[in-house]
Amino acid sequence: MFARICPPLVGEWCAKAASKSWTDSTILQTRMYRSHKNIRPPSKSKLNYVRKPTPRDPWETEFLQEKYKHYRTQMKSLSAMFKAELEGKTGGISLEDAEKQAQEEHQSAMEWNRQENQRVRHIREARQAREAAEDLKKRLTMKLTKEEQAIELMAKREEIVRIEKEASKTFISLDTLDEAIERALATPVDYNFSINKEEIGRASCRERV
């Protein structure tokens, strides 16, 4: 995107800038446009056009080459100075020795890390073994408790079965049905009786009437 100052405001802008009366309230009218890629073929007059190299001033070329040499020398000096300062910060040793020392420190740290991992592994294995033993003990205790509960439940069921068997001896079956009927007829029972303050007396409905 590019901005182009409108021609009518160029003179006014230059006048204000020269008189130092420029303020923030001054607004420049700009026209924004987007460049488009030229997809049209070149004209016939430019088909065989070859650009000529830009002419160079010999004195300027020599001057720039000399300045480039000075620039490279100064950059090399600065690089050497920074390298010397870096070596001074590392204890007066060379970069190779500093790298070797860093490598040794890394190996030492890795060895300490390995030993620490081994120590933690032993602690973890001991803790896991202790937890496994406690879990096994808990499982055995739960198993014994369930077995005791099962034995108690079985004893209760056997007692209930025994009581029911004893009570089943008085039950009336098809074989003893006639005998039970004869016994009931031989021993009549009247449940209609009155309750007095002195005593409880039995009396049939006919007697009360």
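Please read all numbers here as calculations on a predicted model, not as lab measurements. (Residues numbered from 1 in each chain as written. Predicted model: local features only at pLDDT ≥ 70, side-chain atom pairs only at ≥ 80, totals over all residues. Heavy atoms only, no water.)

## A few points about the overall build of the protein chain
- Along its length, the protein chain carries 5 helices and 4 strands.
- Taken over 209 residues, the protein chain has a buried fraction of 3%.
- By sequence separation, contacts in the protein chain at least 24 residues apart represent 30% of the contacts at least 6 residues apart.
- For the protein chain, the accessible surface area stands at approximately 20,600 Å², while carbon and sulfur atoms represent 57% of it. (Helix = DSSP H or I, 4+ residues; strand = E, 2+ residues; numbered from the N terminus. Buried < 20%, exposed > 50% of the residue type's maximum accessible area, 1.4 Å probe, protein only. Contact = heavy atoms within 4.5 Å. Areas by Shrake-Rupley, 256 points an atom, 1.4 Å probe, with all protein chains shown as cover.)

## Here we look at a nonpolar patch on the surface
- Nonpolar side chains collect at one region of the surface, where Y71, M75, L78, M81 and F82 lie side by side and expose about 490 Å² of accessible area between them.
- Examined against the element boundaries, F82 turns out to sit in helix α2 (residues 58-89). (Patch = residues over 30% accessible without salt bridge, like charges linked within 9 Å, V, L, I, M, F, W, Y side chains within 5 Å. Salt bridge = Lys/Arg side-chain N within 4 Å of Asp/Glu carboxyl O.)

## Describing the confidence of the model for the protein chain
- Confidence in the prediction for the protein chain averages 78 pLDDT; 71% of positions are at 70 or higher.
- Confidence drops under pLDDT 50 across residues 1-11; counting only partners more than four residues distant or on other chains, this segment forms 18 contacts.
- Taken together, the stretch residues 202-209 has pLDDT below 50 and engages in 12 contacts with residues farther than four places along the chain or on a different chain. (pLDDT = per-residue confidence, 0-100.)

## Brief notes about the pattern of salt bridges
- If you walk through the whole model with that rule in mind, you get 7 salt bridges.
- Linking R119 and E116 is a salt bridge whose minimum nitrogen-to-oxygen distance equals 2.3 Å. Placement of the pair is R119 and E116 together in helix α3 (residues 95-168), with a separation of 3 residues, close to one helical turn.
- According to the relative accessible area criterion, R119 is partly exposed, its value standing at 43%.
- For E116, a relative accessible area of 24% corresponds to the partly exposed category.
- Linking E131 and R127 is a salt bridge whose minimum nitrogen-to-oxygen distance equals 3.4 Å. On the criterion of helical spacing, the pair formed by E131 and R127 is a turn pair, its members being 4 residues apart in helix α3.

## Here's the deal with the packing of aromatic side chains
- Under the criterion given, the structure shown has 1 aromatic pair.
- The interplanar angle of 10° and the centroid separation of 5.5 Å between the aromatic rings of W59 and F63 together place this pair among those described as stacked. Of this pair, W59 and F63 both sit in helix α2, 4 residues apart, which is roughly one turn of that helix.
- Relative accessible area serves as the criterion here: at 59%, W59 is assigned to the exposed category. (Phe/Tyr/Trp six-rings, centres within 6.5 Å; stacked < 30°, edge-to-face > 60°.)

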